[in-house]
Structures are given as structure tokens and as C-alpha cells.
Amino acid sequence: MCGIVGYIGDKEKKEILLDGLQELVYRGYDSAGIAIIENRQLRNFKAVGRLKNLREKTKDYESIDFGVSIGHTRWATHGKPTELNAHPHMGTYSFVVHNGIIENYQELKKELQSKGINFLSQTDTETIVHLFEKYNNINGNPWEAFTKTIDKLDGAYATLLITEADEKSIFFAKHGSPMLIGFKDDEIFFASSDTPIIGKATEVYYLEDGEYGYAKDGKVTLFDENGEKSFTKQPLATDKAMAQKDGYRFFMEKEIYEQSHVMNDTMMGRLLEDKIDFEELDEKLFENITNIKICACGTSYHSALTGAYLLERVAKIPCQVEIASEFRYKEPLLQKNTLFITISQSGETADTLEALKMAKRAGLKSLSICNVDNSSIVRESDSAILTRAGIEKGVASTKAFATQTMVLWMLTLYVAQIKKSISSEKLLEELDAMRHTPKSLLVTDRVHSKMNRLSKRYLHGHGFFFIGRDLFFPLALEGALKLKEISYLHAEGYPAGEMKHGPIALADSELFTIALMPKTLHYDKIKSNVEELCARDTTVLAISSEPFELADDFIKTTYDSHPMLEFFEMMVVTQLLALEISIRLGNDVDMPRNLAKSVTVE
Ligand code: F6R
């Protein structure tokens, strides 16, 4: 996701910005840029791809006098990753960087264009700088022009603006996206997170939503809707590794908490008022396609299974899912009317990549759902949808699974729109439910502390069964995989209706069953399956919005209006269960034994 840095002072600004951006690359990016005003001279550099390309472009430039400066790493949302779309965006005499989305940018852009203002990029960000200059050209008061500009913006953003009209100031505003201000003597720093300023600043102030202001002459003047306000700085952490985890104990924990926020990025520009749009897809990809085959491994395979339920039920298109390592050697019969989808967090998984190559050799059209732009799988596919989860550091995948599943849900509606297999009422209902997803992913203190307490009861026994039906069967598989990966306890995911066909023989008080009992999908069926296990003295942890008396432990969920909202809420519960059990067992949550984040060998 995009990252922001800023600096006012008399140190080498280029180096401070580039070092700061380096600390933000873990968020993922596809281009970067900086802008500096020093000695009344505005300089700007941008480069697509790795940060080293920007370093190369700026190698002969020095900025050692006093000045103001801003920098940005961009993860493309509106418009492709090109130099023109990279930040900082330029007006005539000002530059802006921005993280988030300006929801009403099209309206603002049209208005500015009708006044003869020329736009160079396809981004929403560029409207900020033109709007600012429009107001400043009228009243010659940059601060007033900035406040008027941010008044006009709808959406979630963090932004920094510098201008030759006030060359000693950085104007800033935060509304929904993260930003902080660092201090050391007369120097002032801005960043999206702690790490770019650790070792440089000594104190920090974390901006709240709705705060804005300006930094000038070693001082920050802060405002919110009630006018100017005072603020208290706090000492800045000194440990970078700790700061990267934002205070969480493990990256996996941080990534579980991030899911709600990250989901907004996944949906950004795709979930529209009355439809799903994928700027990156051409509808021609679906021409003459009568069925879909999805290939993936591990967690990505589980999201694929979830997607298949959705594609068949909602988009009415036959969909088959295969484990990539099996698919490769089964001599599959491939037909040209099949759209071949691969799903991969890393985009480098050897089996998935080889499966894709096989499908291409057979002449199939291909689409990948991936978290890493320019990865081998993305490059090999005809089209790609990026999941925009940001870099996932925990080996056990969490936010990648959540965002893959969301992309598949969106893709289902997209295909249904093309095939006209969904009524407009049903489509609006689905879109409405989708908008609630970030909320369903929020980790509450109530649930997290309950999982922490419960975890001590689930450290022994002879194994876990995660059971669910329908969409909740892949979630059961994923819950079991998470647990075994990081706790090293034996766990299996099972379709609840299959228990009586064998596994129920294992039932006794030392068998732990995690029952996913959604209210919106076959509740009575799963209830009877769980009752059968309770009757055999199995220890049951039930997760449901409906109270279930027979369970030994019960986690009450809040969503009961749409299966996918129940799905995401229950997913968080299973992730927290695995996390807390693993922590109690003293395991290295982020780097479980024997596992690698990217499996590039067969
Ligand atoms: C589990 C996990 C793995 C990966 C699998 C595929 O938490 O992360 O099961 O899902 O190795 O990796 P990608 O998605 O990178 O192709």
C-alpha cells in the first residue's frame, strides 16, 4: 500500500526521504517519487519499479541546505504503475503526495477540467494539487487554500503538500489513512508509520482522523473541526523491528488486525454503487467461456474452493478447483472454453506456476489472482487481479486469504453481471453486504481476550476437527491448516456431513471439534451434525450467532444477515484461536518450523 514521508530541516533531504521510503517498501509498491523545495527551487524525481531506480535517478542531486520535502511509494489503484501516475503530483508551483482514496475525485476533476486545467495522470491525487492552486490563485493565501481544498475532499486519505507559494511549510491532513509527525530539535518529519523516522526523530505525535495543519520553522500548528488545538508529543520507539510490528507480538497478529483496513484497499475502485468493476479486466476474457478451473496450493487452494461455491451458486458458471501439484501430473483434459484461474499470494509457487504454463500450452485463457505485481504468475497470465493485501510477513497466511476470498466474491458478481445471471435486486443486496465486510473483520477485545482464555483448554487432546458445510467447509480446512502450521497440533478440516462416514469413530472427550455454525447457511443441518458429536462426548467449541447450549465453549458472532459476513467474522475467530494456542505453546508464530513463505520448488 502507498507510503508517505516528509521532512523539513537542513540535513540532506534526498537521503532522509529515500531512507524513509526504504522502510515503507514492506507495504508493497510499484513506483516511488520525491519532491524538494530548497533555495526557492522545486525539484522532483519519480521512477517506476524498485526504489533503487529512484536512487539511480537522484544520484547526482544534492539537497544539503534548509528546505521542505515530501516522498511517496505508490501501490497502483487508480491508473497503471507509470511515472506519470507516481507521486508526488505536480501543479504549476506545488506538489502533493497522498495515501488513500478521494471518492469524489471524478466530480472535482471534471469541474477543474471545465476551467481549463490540464491533468497529466489518471490518479485521484492530482485533483488535490490543482484544487489547491485554484484557490491559492484566487486569494494568494496558501494556508486558506489548503483548508478549502481538504474541505472539498470526500474519502479516506493522508496527504502532504508543499508549494513555492509558501516554501518553508508542509501542509498536512489526515482522514482515515495513517500518518504521524516526528520531532527532533528544529527538524520535523512525516511518515505513514514509525519506522522511517526511528533513529532520526526523538518524539512523535500520531495524528488523529480529522486533524490537519502546517509545519513551519520547527513548529507544528494543528487543527481539527473545532479549530486550533494543542497536542502532546510522546517519546519515539527506538527498536525498528518492534515498530514494524506496530506493537503487536507477531506479524501474524498484526496482519489479522490489519484485515479490516486492507479490505478497503481490495475493494477500492472495484466495488461501485451498483456494480463491480475491474479496471484491469477486459470483458473479452470471458467471451466463449462456459466454465472455470481454479488451480492453487495451500491456503490459496482454500480460497479457491470458497470461490467455486460462489461462482456456481451466484454466477451460475460451472467451476472446478484443483490442487496445483495434483493437476500437473494427472494428464488433465483441458478445453478451450475453460477460463484457467490461478491463485497465489506470492505469485512464485512452483506448482501453481507450472499448472498455469500447462494450461497456456493447451491454449486456455488465463487469469491470476495474486498479491505480488510482476511476480512470475502475474507475468505469465493473460490478465491479473491484484489482491492488494500489502506484504504478508507471517508465514501462516491470513490477510492474503481474506483478500483472495474477497476478490473471488467480487469476481463472481463481475461474471454474473457479464452473463446476466443475477437480478439487479440480488446484485444490490450482494454489494450492500460487501460494504459491511471491513466491519465483519474487525478484531474486538471481547473475542480476542476470549480466545486467549479459551486457548489454555485446547493444548492437549488427540486432535482437532474443524467442521463446516458449504462455504464453511473450505473455511474449516483453512482453520485447521492455520492451527497445524503454527501450533504443530494435529487438525483436520472436514465437511460436517461427512463425519458420520468415518471420522466420528474418533469422537471422545479428548477430540476437539471447532464447529462453524452460520445462521444463514444450512444452520439446522450443521446443528444436527454437531449434536451427534456432542452425544459422543466430543469437546465442542461452537462459533455461531445463534446460541448453542450443547457446546462446551461458545463464541458468539454478530453478523447474521449474509453468509460471507459470517464467513469473514468466523475466519478471524479461527485465526485468533490458532495464534493464541501457538503463543501458549511457546512457538515462533511468524516462522513455523519447516515452512517457507514462498514455495518456489516442487
Ligand atoms: C498457509 C500458506 C501456504 C500457501 C501456499 C501457497 O498459511 O501460506 O499454504 O498458501 O504455500 O502459496 P501462494 O499463495 O504464495 O501460492
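This text follows the structure it describes.
Counting of residues starts from 1 at the beginning of each chain's written sequence and follows it residue by residue. Residue-level local features of this predicted model are given only where pLDDT is at least 70; pairs of side-chain atoms are given and counted only at 80 or more, and the full residue set underlies all totals for whole chains, interfaces and linings. Computation of side-chain values: all heavy atoms of the structure, hydrogens and water removed.

Asker: Looking at this structure, I do not really get the packing of aromatic side chains. What am I missing?
Answerer: The geometry of an aromatic ring pair is captured by two quantities: the separation of the ring centres and the angle between the planes. Stacked, tilted and edge-to-face pairs are distinguished by plane angle, under 30 degrees for stacked and over 60 for edge-to-face with tilted covering the rest, among Phe, Tyr and Trp rings (Trp via its six-membered ring) whose centres lie within 6.5 Å. Counted according to the given criterion, the structure contains 25 aromatic pairs. Note on Phe-172 and Phe-190: the rings are 5.4 Å apart at their centroids and 45 degrees apart in plane angle, and the pair reads as tilted. Residue Phe-172 is located in strand β8 (residues 170-175), and its partner Phe-190 is located in strand β10 (residues 187-191); the two are separated by 18 residues in the primary sequence. There is no split in this pair, since Phe-172 and Phe-190 are both buried. Joined through ring pairs, the aromatic side chains of Phe-132, Trp-143, Phe-146, Phe-171, Tyr-212, Tyr-214 and Phe-223 make up one cluster. Two thresholds decide whether a charge sits over a ring: the Lys NZ or Arg CZ must be within 6 Å of the ring centre and within 35 degrees of the ring normal. Directly above the aromatic system of Phe-183 lies the positively charged group of Lys-233, at a separation of 4.4 Å from the ring centroid. A cation sits over an aromatic face here: Arg-593 above Tyr-488, 3.8 Å from the ring centre. Here a strand is any run of E in DSSP of at least two residues, a helix any run of H or I of at least four, and the numbering for each starts at the N terminus. With a 1.4 Å probe rolled over the protein chains alone, any residue whose accessible area is under 20% of its type maximum counts as buried; one over 50% counts as exposed, and the rest are partly exposed.

Asker: Looking at this structure, I do not really get the packing of helix α3 (residues 105-114) against helix α4 (residues 126-139). What am I missing?
Answerer: When two helices pack together, their arrangement is given by the angle between the helix axes and the distance between those axes. Every axis in this analysis is a line fitted to C-alpha atoms, fitted for helices over the stretch in contact. Angles between the N-to-C directions lie between 0 and 180 degrees. The interhelical angle for the contact between α3 and α4, taken along N-to-C directions, is 45 degrees, at an axis separation of 10 Å. One element, α3, and the other, α4, form an angle in the oblique class. Crossing hand, α3 versus α4: left-handed. Contacts between α3 and α4 involve Tyr-105, Leu-108, Lys-109, Glu-111 and Leu-112 on the former and, on the latter, Thr-127, His-130, Leu-131 and Lys-134. In this classification, Asp, Glu, Lys and Arg are treated as charged, Ala, Val, Leu, Ile, Met, Phe, Trp, Tyr, Cys and Pro as nonpolar, and every other residue, Gly included, as polar. Of the residues assigned to the contact of α3 with α4, the class counts are four nonpolar, two polar and three charged. If an angle is under 35 degrees, it is roughly parallel; if it is over 145, roughly antiparallel; if it lies from 65 to 115, roughly perpendicular; otherwise it is oblique. The crossing is said to be left-handed when, going from far helix to near helix, the turn is anticlockwise and less than a right angle, and right-handed when the turn is clockwise. Two residues form a contact once any of their heavy atoms are found within 4.5 Å.

Asker: Explanation requested: a negative patch on the surface in the structure shown.
Answerer: Patch rule: a residue counts if its relative accessible area is over 30% and it has no salt bridge; like charges are joined within 9 Å, and nonpolar side chains (Val, Leu, Ile, Met, Phe, Trp, Tyr) within 5 Å. Values of accessible area rely on a 1.4 Å probe in the Shrake-Rupley scheme; residue burial ignores everything except the protein chains shown. Salt bridges are counted wherever a side-chain nitrogen of Lys or Arg sits within 4 Å of a carboxyl oxygen of Asp or Glu. The convention is simple: Lys and Arg are positive, Asp and Glu are negative, and His and the chain ends are not counted. Here the site of a charge means atom NZ of a Lys, CZ of an Arg, CG of an Asp or CD of a Glu. A grouping of Asp-10, Asp-65, Asp-185, Asp-186 and Asp-217 is seen on the molecular surface, where their side chains present a negatively charged patch. By the secondary structure assignment, Asp-217 is in the loop between β12 (211-216) and β13 (219-224).

Asker: Whenever I open this one, the pairing of strand β17 (residues 319-323) confuses me. Can you help?
Answerer: For a regular strand, side-chain orientation follows a simple rule: the groups alternate between the two sheet faces. Strands were regarded as paired on the criterion that DSSP finds at least two bridges between them. Strand direction decides the pairing type here: strand β16 (residues 291-296) and β17, joined by five bridges, are parallel. Bridging from a neighbouring strand, Lys-293 pairs with Gln-320 of β17. Here is how to tell: hold the view so the strands point away, follow the path from the first strand over the helix to the second, and if it runs clockwise the crossover is right-handed. Note on the crossover from β16 through helix α8 (residues 298-313) to β17: the handedness is right-handed.

Asker: Would you explain the nonpolar core in this entry?
Answerer: Across soluble globular proteins, nonpolar side chains have a tendency to be buried as a group. In this text, buried Ala, Val, Leu, Ile, Met, Phe, Trp, Tyr and Cys residues form a nonpolar core when linked through side-chain atoms within 4.5 Å. Counting 90 residues, the largest nonpolar core has Leu-411, Phe-464 and Phe-568 as the members making the most contacts within it. Other than its neighbours up to four places away in sequence, Phe-568 contacts Met-263, Ala-402, Thr-405, Met-406, Trp-409, Thr-437, Ser-440 and Leu-441.

Asker: Can you help me understand the sheet that holds strand β7 (residues 155-163) in this one?
Answerer: Sheet strands pair via backbone hydrogen bonds, and the direction of the pair is either parallel or antiparallel. An order of β5-β6-β7-β8-β12-β13-β14 is seen for the seven strands of this open sheet, with the pairing classed as antiparallel. Strands at the two margins of the open sheet, each flanked by one partner only, are β5 (89-90) and β14 (227-229).

Asker: Before we go on, may I ask you to explain a nonpolar patch on the surface in this structure?
Answerer: A grouping of Leu-84, Met-90 and Leu-120 is seen on the molecular surface, where their side chains present a nonpolar patch of about 280 Å² in accessible area. Checked against the element boundaries, Met-90 lands in strand β5.

Asker: Would you explain the side chain of Ser-344 in this entry?
Answerer: By the element assignment, Ser-344 lies in strand β18 (residues 338-344). On the accessibility criterion, Ser-344 (2% relative accessible area) is buried. Reaching out from Ser-344, the side chain makes a polar contact with the backbone nitrogen of Gly-347 at a distance of 2.8 Å. N or O atoms within 3.5 Å of each other form a polar contact, as long as, within protein, one can give a hydrogen and the other can take it, and as long as residues adjacent in sequence are counted only when both atoms are side-chain atoms.

Asker: So what exactly am I meant to see when it comes to the pattern of salt bridges here?
Answerer: Inspection of every chain in the model, using the stated rule, returns 31 salt bridges. Between Lys-254 and Glu-258 there is a salt bridge, and its shortest N-O distance comes to 3.2 Å. One end of the pair, Lys-254, and the other, Glu-258, are both in helix α7 (residues 251-267), four residues apart, so they sit about a helical turn from each other. With relative accessibility at 19%, the residue Glu-258 sits in the buried group. Lys-330 serves as the salt-bridge partner of Glu-322, at 3.0 Å between the closest nitrogen and oxygen. You can call Lys-330 partly exposed: its relative accessible area is 45%. Each of Glu-15, Asp-19 and Arg-55 takes part in one network of salt bridges that share partners.

Asker: Can you walk me through the site of the ligand in this structure?
Answerer: Note on terminology: near, applied to a residue and a molecule or strand, indicates that one of the residue's heavy atoms is within 4 Å of it. Surrounding the ligand, one finds 14 residues, the nearest of these being Ser-300, Ser-344, Gln-345, Ser-346 and Thr-349. Interatomic distance of 2.6 Å between a backbone N/O atom of Gln-345 and an oxygen atom of the ligand. Ser-397 places a main-chain nitrogen or oxygen 2.8 Å from an oxygen atom of the ligand. Isolated, the ligand exposes 400 Å² of accessible area, and the fraction of that covered by the protein chains is 89%. Here the element with the most residues in the shell around the ligand is α8; it accounts for three residues. Looking at the shell around the ligand residue by residue, the classes come out as four nonpolar, eight polar and two charged.

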